[in-house]
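# Geometric and topological summary
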Amino acid sequence: MATERRTPGSQTSLREANRARIVDAIKKHGGLTQVELAGVTGLSPATVSNIVKELSASGVLHTSPTTQSGRRAQHVTLAHALGLVVGVHFSTRHMRIALADVAHTVVAEHHLPLAKDHRADNELDRTTLLIADMLETLKASMSEVLAVGIALPAPLDRNTGTTARSGILRGWDGIPVAELLERRLGRPVFLDNAANLGALAELRIGAARGKSDAIYIDIGDGIGSGLIINGQVFRGHNGSAGEFGHTTIVENGPLCRCGNRGCLEAIAGGYAILDGLKPTHGNLKLNDIVTKAMGGDAGATRALAEAGRHIGVAAANLSNLIDPERLVVGGELSRAGEILLGPIRHALERSVIVDEAAMPDVVQGQLGARASTLGAVAHAIDQVAIGGNDTIG
């Protein structure tokens, strides 16, 4: 029986595949020791060491000495000089832009308020100017930007690149955001839902790190969620998975901005809380509610606790479906801490069907208001082909 011999071509292909595996692992985790790289990729320590040396010499990777468990180790990241990426998060009232290198180091950041019902064309023009200004400050050029990630607080249709439901983000309906910004910048742009990208950031560098199955709940003006299943953000068939705030919890309840009635967001979202407090507290902003509740204001505390109870009931239903290990609560109202998280946790404990020992824990997000922006940065890095990795994904 003839033995099959591996051709030089197949050896080269295998080495390229191993290089791509190592680069992808570093892109995903932001930086690992060589021992961790071997564990994550399944490659032998010797293979990892050889490829790291090769890619470091060619300027793709950067190594630095570190200590792990009392032993010396080499920490491996992507080389900072490979290029820059941009992450942009548009919320209903704010825009945040972060400029970072491919090693996930943020080198410039800008945050500004937006007018209510702002329009996409105006904000895309402003984004273009801000990115150019930030690059000029760093003495960098647009040609050094490898990719741009955009986080948008609305369900998105991955086939059309537009919002999947009109009315949720007025002024942005039917707008191909990525395509229009690409024309303005001349750089590749990638769009995703803000809660998905918040989940991605918390998975990579935040409170969901190391968890294969988790739920990220973004509680602000509205309510969104990002689903982490098998260590990946789950987007669904059309790209609109995770619209947690638009699950019906009170049939024929209050009218929601999506056009349905009784949605969780219409009962427990920021706008609903503000409306409920208006008769006693006048016109407030979300930040005011958190500040008052943390200062002992009974009305604000009660409003947040009631919202948390509704969110917890809905989260229990979701937990019974996907059985997560952890719920990470982010968004502007998450700053209230246990005032909001406690009622969510208690409602969850009453309704999730698993034993107490298997109950998902409820924790505050670690990245705060920057989660979706940092997720947009990570999303942009994920799309970049680096070091012989020709796969965009």
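Look up: the structure comes first, before these words.
Residues numbered from 1 in each chain as written. Predicted model: local features only at pLDDT ≥ 70, side-chain atom pairs only at ≥ 80, totals over all residues. Heavy atoms only, no water.

### Remarks on helix 4 (residues 120-137)
Counted at 1.5 Å a residue, the expected span for helix 4 with its 18 residues is 26 Å, and the 25 Å between its end C-alpha atoms agrees. One or two steps after helix 4, the chain reaches K139, where phi turns positive at roughly 55°. (Helix = DSSP H or I, 4+ residues; strand = E, 2+ residues; numbered from the N terminus. Expected span 1.5 Å × (residues − 1).)

### Concerning a positive patch on the surface
Positive charge collects at one region of the surface, where R93, K116, K278 and K285 lie side by side. For R93, the position within the fold is in the loop between strand 4 (84-90) and strand 5 (94-101). Of the residues examined, R93 reaches a relative accessible area of 32% and is grouped as partly exposed. (Patch = residues over 30% accessible without salt bridge, like charges linked within 9 Å, V, L, I, M, F, W, Y side chains within 5 Å. Areas by Shrake-Rupley, 256 points an atom, 1.4 Å probe, with all protein chains shown as cover. Salt bridge = Lys/Arg side-chain N within 4 Å of Asp/Glu carboxyl O. Lys, Arg positive; Asp, Glu negative; His and termini not counted. Charge placed at Lys NZ, Arg CZ, Asp CG, Glu CD. Buried < 20%, exposed > 50% of the residue type's maximum accessible area, 1.4 Å probe, protein only.)

### Some details on helix 10 (residues 298-322)
Helix length check: helix 10, at 25 residues, gives a terminal C-alpha distance of 35 Å against a target of 36 Å (1.5 Å per residue), a fit within 8%. The N-capping residue of helix 10, defined by a side-chain oxygen 3.1 Å from the backbone nitrogen of G299, is D297. (Polar contact = N/O pair within 3.5 Å; in protein donor to acceptor, adjacent residues only side chain to side chain.)

### Some points on the layout of surface pockets
Any empty space left between the atoms is revealed when a probe the size of a water molecule rolls over them. Of the voids in this model, the largest pocket is the one considered here, and its volume is about 980 Å³. Lining the largest pocket are 45 residues; nearest its centre among them are S91, T92, H94, D221 and E332. The set of elements that each furnish at least two residues to the lining of the largest pocket consists of strand 5, strand 6 (106-113), helix 6 (194-205), strand 11 (214-219), strand 12 (223-229), helix 8 (270-281), helix 9 (286-294) and helix 12 (371-383). Residue classes in the lining of the largest pocket are distributed as 17 nonpolar, 17 polar and 11 charged. (1 Å grid on protein atoms, 1.4 Å probe; cavity = no way out; pocket = protein on both sides within 12 Å on 5 of 7 lines; lining within 4 Å. Points joined across faces, edges and corners; volume = space filled by probe spheres on them. Nonpolar A, V, L, I, M, F, W, Y, C, P; charged D, E, K, R; others polar.)

### Points about the packing of aromatic side chains
Following the criterion strictly, the structure yields 1 aromatic pair and no others. Ring geometry for F90 and W172: centres 4.9 Å apart, planes at 50°, overall tilted. Linking F90 in strand 4 with W172 in the loop between strand 9 (162-163) and helix 5 (177-185), this pair joins segments that are 82 residues apart in sequence. Like W172, F90 is buried. (Phe/Tyr/Trp six-rings, centres within 6.5 Å; stacked < 30°, edge-to-face > 60°.)

### Here's the deal with the packing of helix 2 (residues 34-41) against helix 3 (residues 45-57)
Direction vectors running N to C along helix 2 and helix 3 enclose 115°, while the axes themselves pass 9 Å from each other. Here helix 2 and helix 3 pass one another in a crossing that is right-handed. Contacts between helix 2 and helix 3 involve Q34, L37, A38 and T41 on the former and, on the latter, P45, V48, S49 and V52. By residue class, the composition of the contact of helix 2 with helix 3 is 5 nonpolar, 3 polar and no charged. (Axes fitted to C-alpha atoms, helices over the stretch in contact; angles between N-to-C directions. Left-handed = near helix turned anticlockwise from the far one by under 90°. Contact = heavy atoms within 4.5 Å.)

### So, the sheet that holds strand 14 (residues 326-330)
The strand order 13-12-11-14-15 describes an open sheet built from 5 strands, whose pairing is mixed. Every interior strand has two partners, whereas the edge strands, strand 13 (232-234) and strand 15 (361-364), have only one. Neighbour-to-neighbour, the strand axes of the sheet open up by a mean angle of 25°, direction not taken into account. Strand direction decides the pairing type here: strand 11 and strand 14, joined by 5 bridges, are parallel. (Pairing = 2+ DSSP bridges.)

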